[in-house]
Amino acid sequence: MNEYDFTVKFNLEKSLANTDDFIEKLYAGGCDDALIGVGNKGYLALNFIRDASSAYEAISTAIHDVKRVVQGVTLIEAAPDLVGLTDAAKILGYTQQHMKNLSLESNSKFPIPVYEGAHSIWHLAEILIWLRENRMHSIDDTLLDIAQTNMNINIARSWQKIHPDTQESIKALAV
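No experiment lies behind these values; they were computed from the predicted model shown.

A. The arrangement of the overall build of the protein chain in detail. Along its length, the protein chain carries seven helices and six strands. Going through the 175 residues of the protein chain one by one, you find that 40% of them count as buried. Accessible surface for the protein chain amounts to roughly 10,600 Å². Of this, 52% is attributable to carbon and sulfur atoms. Each charge sign in the protein chain was given a centre, from 15 positive and 23 negative side chains, and these centres are 6 Å apart.

Structure below.
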């Protein structure tokens, strides 16, 4: 068993605006290993530290526990996944400048960002794999497992938004 540290974020139905009603139920319903955040009205975030045999088991059981206890929630994001260089540096214990230098090296094949702009965004798993394979950095297996699982969950969540009639043609464009 490993200890997995991750966050899942949900959107609440308007009828669930009173969060006091379900915080106790979440704790009793299997989420006693989570710090529950309800700062923004209509949203719920839970930071779990869960023991499990895999990240998938930890994250999937956490999502199922929340959905079982709080009816009508919609998963927004599983984190950590989408990160900027500052976020990645913080997670890895690097300086922001070191992370930026790694991404700018002319001979490096740094992962392609999901979004490129003034503040580009990457999948954390792709950065971790690149660091392990190309820079021989020691990357914690548990962190990589969490990042890969969260990336897959978030991509699958986004994929569901594409109309089934166009999924195959859209998929062909992305390859």
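B. Just the sheet that holds strand 1 (residues 2-11), in detail. Pairing is antiparallel in the open sheet, where four strands are placed in the order 2-3-1-4. Where the open sheet ends on each side, the last strands, each with one partner, are strand 2 (34-37) and strand 4 (74-79). Averaged over neighbouring strand pairs, the angle between their axes works out to 20 degrees when direction is ignored. Where strand 2 and strand 3 (residues 43-52) come together, four bridges link them in antiparallel fashion. By the bridge assignment for strand 3, Ala34 is matched with Phe48.

C. Representation of the pairing of strand 3 in the model. Only one face of strand 3 is buried: it carries Leu44, Leu46, Phe48, Arg50 and Ala52, and the other face, with Tyr43, Ala45, Asn47, Ile49 and Asp51, is open. Where strand 1 and strand 3 come together, 10 bridges link them in antiparallel fashion. Bridged to Phe10 within strand 3 is Leu44. Connecting strand 2 to the next strand, strand 3, in antiparallel fashion are five residues, including Gly42 with a positive phi near 90 degrees.

D. Inspection of the side chain of His123 at higher detail. Inspection of the secondary structure assignment puts His123 in strand 6 (residues 122-123). For His123, a relative accessible area of 9% translates into the label buried. Separated by 2.7 Å, the side chains of His123 and Asp81 make a polar contact. Not counting residues up to four positions away in its chain, the partners in contact with His123 are Asp81, Leu82, Val114, Met151 and Ile155.

E. Spotlight on unusual backbone geometry. Note that the residue after Ala79, namely Pro80, is joined by a cis bond; omega there is 10 degrees. Relative to the elements of secondary structure, Pro80 occurs in the loop between strand 4 and strand 5 (82-83).

F. Fine view of the environment of Phe6. Of note, Phe6 is situated in strand 1. Here Phe6 falls in the buried class, since its relative accessible area comes to 1%. In the structure, Phe6 is positioned 129 residues away from Arg135 in sequence and 25 Å away in space, judged by C-alpha atoms. Residue contacts for Phe6: discarding those within four places in its chain leaves Leu46, Asn47, Phe48, Arg50, Ala58, Ile59, Ala62, Ala79, Pro80, Ile146 and Asn150.

G. Quick peek at helix 4 (residues 96-104). Considered for burial, the residues of helix 4 that qualify are Met99, Leu102 and Ser103. Each buried residue of helix 4 lies within a common arc of 95 degrees when the element is viewed along its axis, so the set occupies one face. For helix 4, the elements touching its buried residues are helix 3 (85-92) and helix 5 (124-134).

H. Broad picture of the pattern of salt bridges. Summed over all chains, the structure comprises five salt bridges. Among the salt bridges present, the one from Arg50 reaches Asp65, with a minimum N-O distance of 3.1 Å. Taken together, the residues span a long stretch of sequence, with Arg50 in strand 3 and Asp65 in helix 2 (residues 55-69) at a distance of 15 residues. Residue Arg50 shares its accessibility class with Asp65, and that shared class is buried. Its salt-bridge partner being Asp65, residue Arg68 comes within 2.8 Å of it at the nearest N-O pair. Placement of both Arg68 and Asp65 in helix 2 is noted, with a separation of three residues, approximately one turn of the helix. Judged by relative accessible area, Arg68 falls into the partly exposed class, the value being 49%.

Reading the values: rules and limits
Residues numbered from 1 in each chain as written. Predicted model: local features only at pLDDT ≥ 70, side-chain atom pairs only at ≥ 80, totals over all residues. Heavy atoms only, no water. Helix = DSSP H or I, 4+ residues; strand = E, 2+ residues; numbered from the N terminus. Buried < 20%, exposed > 50% of the residue type's maximum accessible area, 1.4 Å probe, protein only. Areas by Shrake-Rupley, 256 points an atom, 1.4 Å probe, with all protein chains shown as cover. Lys, Arg positive; Asp, Glu negative; His and termini not counted. Charge placed at Lys NZ, Arg CZ, Asp CG, Glu CD. Pairing = 2+ DSSP bridges. Axes fitted to C-alpha atoms, helices over the stretch in contact; angles between N-to-C directions. Polar contact = N/O pair within 3.5 Å; in protein donor to acceptor, adjacent residues only side chain to side chain. Contact = heavy atoms within 4.5 Å. Arc of directions from axis to C-beta. Salt bridge = Lys/Arg side-chain N within 4 Å of Asp/Glu carboxyl O.

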